[in-house]
Amino acid sequence: MTSYEFVGYMLMKSADVVICGAGIAGIATAYQLTVKQGVKSVVLVDERAPLTLTSDKSTECYRNWWPGPGDAMVALMNRSIDILENFARETNNVFHLNRRGYLYATADRNRIAVFKRAADEAASLGAGPVRVHDHAASEYQPASPSGFDSPLTGADLLTDSSLIEKYFPYFARNTVAVLHARRCGWFSAQQLGMYELERARTAGAQFISARVTAIEVDSGRVRGVVLNDGTRIATENFVIAAGPFLKEVAMLLDVDVPVFNERHVKVNFDDMLGAIPREAGLLIWADPVRIPWSDDERELFASLDETRWLLDEFPAGVHGRPEGGRDGGSALMLWTYDLLPVEPTLPITWDPHYPEIVLRGMAVMLPALRQYIGKAPRPVVDGGYYCKTRENRPLIGPLSVDGAYVIGALSGFGLMASSAAAELLAQHITHSTLPSYARAFMLERYDDAEYQTMLANWGESGQL
């Protein structure tokens, strides 16, 4: 148990590990330390309620579909999905894990070869085999709308128009290929996070509603943490799991971590017309898009400096999925077209055109959504931040100050990676045997001249 003593008017505490941040990364770390590693005294500190900063702003999806270089990201995600599936079995799938897959679609025949290369690369890195369906008699197996125990991994590439029409009639008629990445789907982040939090609490973890204002360091080692109410927690192990505020908290240690933030905003609206089929997977348009505005809208936007950008080509990657049961529900849609680094501020703000842009972009892929243009139900818009490194790989492991650790830069993949990332960090803290991919996510990778050369030529980051 955490120990307490009074010194003057300040309540003194001690803990084996203090974790700054009670999002999914911090909670998963507390779970791994207490339940799996047997650490008796772990304190989670956050001025907000657990899972409320960015963990509840996600599409809640997961995938083992990642590019190189190297197999570290695929290995990390495969391990994380293994843990998620074990949780699902333990809980009778209380957090509704499915394996519907990611469905990348294109209307550009030149992109078929890109899809095949991506699938071959993912297969070579451990994501599973590639199955090509290029004729009407090919045996393609659609994903089950529920459950997660499908034996199929890897990907299916459909290039036959009759197969695409048969299995994906909701895609635009000009769709020429669909790439179905298999070990992918989504789940309820709140249900998963609360399960881990309650298990961690039962095993001895505690939550304190406060803000970390100082980290005491003596002789190059963490010695304690000071909170905004004056409380001091004596500890020799401090974990930064602060999401978009990772850089700010690390500066309390005089450690500069190479991360930045991008806005991440999603739209949720009542899909009362069923434009996005209830059984669909995560739907992703792989082509750049010019928004199909009306002639009057184009004329108006072109006349104003502040709206002329709406006529530009938008990047590939608009995506969405159904939310809710088979009998009805809502739709989630996202498009991270604004890639400018920003300082994290709360509450987050977004472009007022965003819901309309996303709806119209999605309608290029899913024509049934056109029914909502000009008369869509009022959407719920919320968001957070993608905290990321240059190459969009996480930071997991020790910092330059002894006893200080980081689990962060989980840009766009925090929920899916949190289980394996937390397991890895707990192994660092307890000096357990590390997996082969451990070094790929440590901060010290940036001290490697070869890695810096690789960074200068880094290609696809794996971000949708």
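Structure: see above.
Note on numbering: residues in each chain are counted from 1, in written sequence order. Where totals are concerned, whole chains, interfaces and linings use all residues; where local detail is concerned, this predicted model gives features only for residues with pLDDT of at least 70, and gives and counts side-chain atom pairs only at 80 or more. With hydrogens and water stripped out, all remaining heavy atoms of the structure feed into the side-chain values.

Sheet strands associate in pairs through backbone hydrogen bonding, adopting either a parallel or an antiparallel arrangement. Here, a strand pair is defined by DSSP locating no fewer than two bridges between the strands. Numbered from the N terminus, helices here are DSSP runs of H or I no shorter than four residues, and strands are runs of E no shorter than two. Reading across the sheet, the 6 strands line up as β11-β4-β3-β15-β24-β23 and stay open at both edges, with mixed pairing between neighbours. Among the strands making up the open sheet, the edge pair consists of β11 (206–208) and β23 (395–398). Geometrically, the sheet is characterised by an average inter-axis angle of 20 degrees between neighbouring strands, direction not taken into account. Relative to strand β4 (residues 42–45), strand β3 (residues 17–20) runs parallel, the two sharing 4 bridges. The residue bridging V17 from the neighbouring strand is V42, located in β4. Against the sheet, helix α1 (residues 24–36) engages β3, β4 and β24 (404–408), with an angle of about 175 degrees to β4. Axis geometry follows a simple rule: fit a line to the C-alpha atoms, using only the stretch in contact for helices, then measure angles between N-to-C directions, giving values from 0 to 180 degrees. By the convention used here, residues are in contact when the closest approach between their heavy atoms is within 4.5 Å.

To sort residues, take the accessible area from a 1.4 Å probe on protein chains only and compare it with the maximum for the residue type: under 20% means buried, over 50% means exposed, and anything in between is partly exposed. Residues A155 and L157 of strand β8 (residues 155–158) are buried on one face, and the alternating residues D156 and L158, pointing to the opposite face, are buried as well. In this sheet, β8 lies alongside strand β7 (residues 130–133) in parallel orientation, the contact comprising 4 bridges. When the sheet's bridge partners are listed, R131 is paired in β8 with D156. With 4 bridges joining them, β8 and strand β9 (residues 177–181) adopt antiparallel strand pairing. Among the inter-strand pairings, A155 is bridged to a residue of β9, identified as A181.

At a minimum axis distance of 8 Å, the contact between α1 and helix α5 (residues 189–202) shows a crossing angle of 35 degrees. By crossing handedness, the relation of α1 to α5 is classed as left-handed. Here I24, I27, A28, A30, Y31, T34 and V35 of α1 lie close against α5, whose contacting residues are L192, G193, E196, L197, R199 and A200. All amino acids are sorted into three groups, where Ala, Val, Leu, Ile, Met, Phe, Trp, Tyr, Cys and Pro are nonpolar, Asp, Glu, Lys and Arg are charged, and the leftover types, Gly among them, are polar. Here the contact of α1 with α5 is built from residues that sort into 9 nonpolar, 2 polar and 2 charged. The sense of a crossing depends on the near helix, which, turned anticlockwise from the far helix by less than a right angle, makes the crossing left-handed and, turned clockwise, makes it right-handed.

Our focus in this paragraph is the pattern of salt bridges. In the sections that follow, a salt bridge refers to a side-chain nitrogen of Lys or Arg positioned within 4 Å of a carboxyl oxygen of Asp or Glu. In the structure shown here, the tally under the stated rule is 30 salt bridges. Its salt-bridge partner being E47, residue R211 comes within 3.6 Å of it at the nearest N-O pair. With R211 in the loop between β11 and β12 (212–218) and E47 in the loop between β4 and β5 (61–63), this pair connects stretches of sequence that are 164 residues apart. Looking at R211, the relative accessible area reads 39%, which means it is partly exposed. Among the salt bridges present, the one from K388 reaches E262, with a minimum N-O distance of 3.4 Å. With a gap of 126 residues between them, K388 in strand β22 (residues 380–388) and E262 in strand β16 (residues 260–270) connect regions that are remote in the sequence. With respect to burial, K388 and E262 carry one shared label: buried. One connected set of salt bridges, linked through shared partners, spans D82, E85, R99 and R183.

Bringing empty space enclosed by the protein into the picture now. Using protein atoms alone on a 1 Å grid, points that fit a 1.4 Å probe yet trap it form a cavity, whereas open point sets bounded by protein on both sides within 12 Å along at least five of seven lines form a pocket; residues with an atom within 4 Å of a point count as lining. Grid points are joined across faces, edges and corners, and a volume is the space filled by probe spheres set on the points. Applying the stated criterion across every chain yields a total of 1 cavity of 30 Å³ or more. Approximately 40 Å³ is the volume attributed to the largest cavity. What lines the largest cavity is W66, P67, G68, M73, E391, N392, R393, W458, E460, S461 and G462. Its residues placed into classes, the lining of the largest cavity shows 4 nonpolar, 4 polar and 3 charged.

Stacked, tilted and edge-to-face are the three classes applied to pairs of Phe, Tyr and Trp rings, where Trp contributes its six-membered ring and a pair requires centres within 6.5 Å; stacked means planes under 30 degrees apart, edge-to-face means over 60, and tilted covers the rest. Taken as a whole, this structure holds 22 aromatic pairs when the rule is applied. Ring plane angle 90 degrees and centroid distance 5.9 Å describe the contact between F95 and F187, whose orientation is recorded as edge-to-face. Taken together, the residues span a long stretch of sequence, with F95 in the loop between α2 (72–90) and β6 (102–106) and F187 in the loop between β10 (184–186) and α5 at a distance of 92 residues. Judged by relative accessible area, F95 falls into the buried class, the value being 0%. Exposure remark for F187: the relative accessible area of 2% places this residue in the buried category. For the ring pair F168 and Y170, a centre distance of 6.2 Å and an interplane angle of 75 degrees mean the geometry is edge-to-face. Like Y170, F168 is buried. Linked through ring pairs, Y140, Y167, F168, Y170 and F171 together constitute an aromatic cluster. Over the ring of W66 we find R63, and its NZ or CZ is 3.9 Å from the ring centre. A ring is scored as having a charge over it whenever the NZ atom of a lysine or the CZ atom of an arginine sits within 6 Å of its centre and within 35 degrees of its normal.

This brings us to the nonpolar core. Within soluble globular proteins, side chains that are nonpolar tend to cluster in buried spots. The nonpolar core is taken to be a set of buried Ala, Val, Leu, Ile, Met, Phe, Trp, Tyr and Cys residues, with the residues joined through side-chain atoms within 4.5 Å. I19, W65, Y102, V239 and I407 are the most contacted members of the largest nonpolar core, which has 77 residues in total. Not counting chain neighbours up to four residues away, the residues in contact with W65 comprise Y104, A118, A119, A122, G154, A155, L179, A181 and C184. Counting 42 residues, the second-largest nonpolar core is a separate cluster that includes A275, I291, W293 and L359.

Under the convention used throughout, the expected extent of a helix is 1.5 Å for every residue step, that is, one less than its residue count. Over its 15 residues, helix α3 (residues 110–124) runs 22 Å from end to end, which matches the ideal 21 Å to within 8%, given 1.5 Å per residue. Among the residues of α3, I112, F115, A119 and A122 are the ones counted as buried. The buried residues of α3 occupy an angular sector of 90 degrees when the element is viewed end-on, so they sit on one face. Residues of α3 that are exposed and angled more than 90 degrees away from the buried face: N110, R117 and S124. For α3, the elements touching its buried residues are β6, β7, β8 and β9. Backbone geometry just downstream of α3 places G126 in the positive-phi region, at approximately 110 degrees. The directions considered for the arc run from the helix axis to the C-beta atoms.

The next point concerns the packing of α2 against α5. Orientation of α2 relative to α5, taken along the N-to-C sense of each, is 80 degrees, at an axis distance of 12 Å. Relative to α5, α2 is oriented roughly perpendicular. Along its contact with α2, which presents L84, F87 and E90, the element α5 presents L192, Y195, E196 and R199. Of the residues in the contact of α2 with α5, the class split is 4 nonpolar, no polar and 3 charged. Any angle from 65 to 115 degrees is called roughly perpendicular, while one under 35 is roughly parallel, one over 145 is roughly antiparallel, and all others are oblique.

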